[in-house]
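Chain and residue survey
The lines below spell out each chain.
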Amino acid sequence: MATRAAAGAWVLVLSLCAVAGSQNITARIGEPLVLNCKGAPKKPPQQLEWKLNTGRTEAWKVLSPQGAPWDSVARVLPNGSLLLPAVGIQDEGTFRCRAMNRHGKETKSNYRVRVYQIPGEPEIVDPASQLTAGVPSKVGTCVSEGGYPAGTLSWHLDGKPLTPDGQGVAVKEQTRRHPETGLFTLQSELMVTPARGRAARPTFSCSFSSGLPRRKALHAAPIYPTVWEPVALENVQLVVEPEGGTVAPGGTVTLTCEAPAQPPPEIHWIKDGMPLPLPPSSVLLLPEVGPQDQGTYSCVATHPSHGPQESPAVSISIAKTDEERQTTGSVGGSGLGTLALALGTLAALGIAALLIGIIMWQRRRRQGKERKAPESQEEEEERAELNQSEEPETAESGTGGP
């Protein structure tokens, strides 16, 4: 019964011709594997010996029909073949059998066993729906899980292989291995710079190859992103509603940033020279406007191929009510009255100072005249005395003549 079960439908029996070198055997993980010992008699008594050197052994492990099986790893069947009930990654290695037939002829069998596990179909995650011509863009990430050996992932554009060149095509790869099962997960991220004037909807796909002979590649479902041709970013304009940016207290202001370009740019907002911590949006809504909302606003449009461009700024202010106008008017009138009074007072003081100066000047002038008057009388008296003394002399000179 054991022999029939081992040779049943669930057993992979590999009958190889005797050769001097080793035979390469590839077995799927988890399935049974039977290795034939060439030259061994089909029925006991048998003279044969199996030697194994795998990931489960530190040295050669010896098995024979007379010996006990190696736990659940391997056992010798009655026909001399070696059965591995469920081959695993640790069973990779070298298997040798030496058998002697009833005529004394010795035959050796050498096998080199490799195992594999087919992963699930690869998948492109985070696929791009839109690319920009002339701008490096991420196409997506190709993922393959649960394979052994690791294998490789490849990208294709319109059915042709894409080779990383460090310029228009770049691939970032990552390989992880499960700590318990030993199976691999591969990731391959594709970045491309679409050329201008090429196909508007290219076809991208990826495939997994195990690298084992006679194993077909596995292909992911293709994606068809749209390629946009960049349109120059025109002047960025900021439209405010209500027009002029003046709104009643508690009113609503709508700011719209107009930046026509393809693809649409990313819009950020600035108030009084400082960026606002808001998510990108082409519309800024200010409901129930209060004093804190007053200021100068502008928007910045950032385009991947043209860089940032800022709009002209607009001012948002709150309109004054009638009471505020009256209060402002009264405050302004009283201010003008106070100014006029101050100017009048200064003018009066100036005139008074001028009059006082004139009066003082006139007084000094009079005093000066009074001081000069006595000096004139004395001079007249002196002159009179001189005249009197000159008159007798004149008379004497007149009498003394001939």
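Residues numbered from 1 in each chain as written. Predicted model: local features only at pLDDT ≥ 70, side-chain atom pairs only at ≥ 80, totals over all residues. Heavy atoms only, no water.

**Focus: the overall build of the chain**
Counting its secondary structure elements, the chain contains 2 helices and 28 strands. Counting across all 402 residues of the chain, residues that qualify as buried make up 31%. Sequence-distant contacts, at least 24 apart, represent 61% of the contacts inside the chain between residues at least 6 apart. (Helix = DSSP H or I, 4+ residues; strand = E, 2+ residues; numbered from the N terminus. Buried < 20%, exposed > 50% of the residue type's maximum accessible area, 1.4 Å probe, protein only. Contact = heavy atoms within 4.5 Å.)

**Here we look at the pairing of strand β16 (residues 184-192)**
Direction of pairing for strand β12 (residues 137-147) relative to β16: antiparallel, over a ladder of 9 bridges. Across the sheet, the residue bridging to Val143 is Gln187, located in β16. By the bridge criterion, 9 bridges tie strand β15 (residues 169-177) to β16 in an arrangement that is antiparallel. Residue pairing in the sheet places Glu173 in a bridge with Ser188 of β16. The hairpin turn running from β15 into β16, its antiparallel successor, is 6 residues long, and Gly182 in that turn takes a positive phi close to 80°. (Pairing = 2+ DSSP bridges.)

**Focus: the state of the cysteines**
All chains considered together, the criterion is met by 3 disulfides. A sulfur-sulfur distance of 1.7 Å marks the disulfide that ties Cys37 to Cys97. Handedness here is read from the sign of the S-S torsion; for Cys37 and Cys97, about -75°, the answer is left-handed. Of the two residues, Cys37 sits in the loop between β3 (33-35) and β4 (47-54) while Cys97 sits in strand β8 (residues 93-100), which places them 60 residues apart along the sequence. We note that Cys37, like Cys97, is buried. One disulfide bridge connects Cys142 with Cys206, the sulfur atoms lying 1.9 Å from each other. Residues Cys142 and Cys206 are joined through a disulfide that is right-handed, its torsion about the S-S bond being 65°. With Cys142 in strand β12 and Cys206 in strand β17 (residues 204-209), the pair connects residues that are 64 residues apart, well separated along the chain. (Disulfide = S-S within 2.5 Å.)

**Section: the sheet that holds β8**
Spatial strand order, β2-β9-β8-β4-β5: 5 strands in an open sheet with mixed pairing. In this open sheet, the two edge strands, each paired with only one partner strand, are β2 (23-28) and β5 (61-63). Sheet twist, expressed as the mean angle between neighbouring strand axes with direction ignored, is 25°. In this structure, β8 lies alongside strand β9 (residues 106-116), joined through 8 bridges in antiparallel fashion. When the bridges of β9 are listed, Cys97 appears paired with Ser109. (Axes fitted to C-alpha atoms, helices over the stretch in contact; angles between N-to-C directions.)

**Things to note about the pattern of salt bridges**
For the coordinates displayed, the defined rule picks out 4 salt bridges. The salt bridge involving Arg98 is made with Glu49; its shortest N-O contact spans 3.8 Å. Within this pair, whereas Arg98 is found in strand β8, its partner Glu49 is found in strand β4, the two being separated by 49 residues in sequence. Residue classification places Glu49 among the partly exposed positions, given a relative accessible area of 28%. Here Arg56 and Asp91 are joined by a salt bridge, their closest N and O atoms 2.5 Å apart. Residue Arg56 is found in the loop between β4 and β5, and its partner Asp91 is found in the loop between β7 (82-84) and β8; the two are separated by 35 residues along the sequence. A relative accessible area of 34% means that Arg56 is categorised as partly exposed. Linked through salt bridges whose partners overlap, the residues forming this network are Glu49, Arg98 and Glu106. (Salt bridge = Lys/Arg side-chain N within 4 Å of Asp/Glu carboxyl O.)

**Describing the packing of aromatic side chains**
Note on aromatic pairs: each is described by the distance of the centres and the angle between the planes. Scanning the entire structure with this criterion turns up 2 aromatic pairs. On the numbers, 6.3 Å between centres and 20° between planes, the contact of Trp50 with Tyr111 is stacked. Of this pair, Trp50 sits in strand β4 while Tyr111 sits in strand β9; the two residues are 61 residues apart in sequence, bridging distant segments of the chain. Ring plane angle 20° and centroid distance 5.9 Å describe the contact between Tyr148 and Phe184, whose orientation is recorded as stacked. Taken as a pair, Tyr148 in the loop between β12 and β13 (152-157) and Phe184 in strand β16 lie far apart in primary sequence, 36 residues in all. Assessed through its relative accessible area of 14%, Phe184 is described here as buried. (Phe/Tyr/Trp six-rings, centres within 6.5 Å; stacked < 30°, edge-to-face > 60°.)

**Points about a nonpolar patch on the surface**
A cluster of nonpolar side chains, namely Leu339, Leu343, Leu346 and Leu349, defines an oily patch on the protein surface of about 420 Å² accessible area. With respect to the helices and strands, the residue Leu349 is situated in helix α2 (residues 322-399). (Patch = residues over 30% accessible without salt bridge, like charges linked within 9 Å, V, L, I, M, F, W, Y side chains within 5 Å. Areas by Shrake-Rupley, 256 points an atom, 1.4 Å probe, with all protein chains shown as cover.)

Interpretation in functional terms is not warranted from these geometric data alone.
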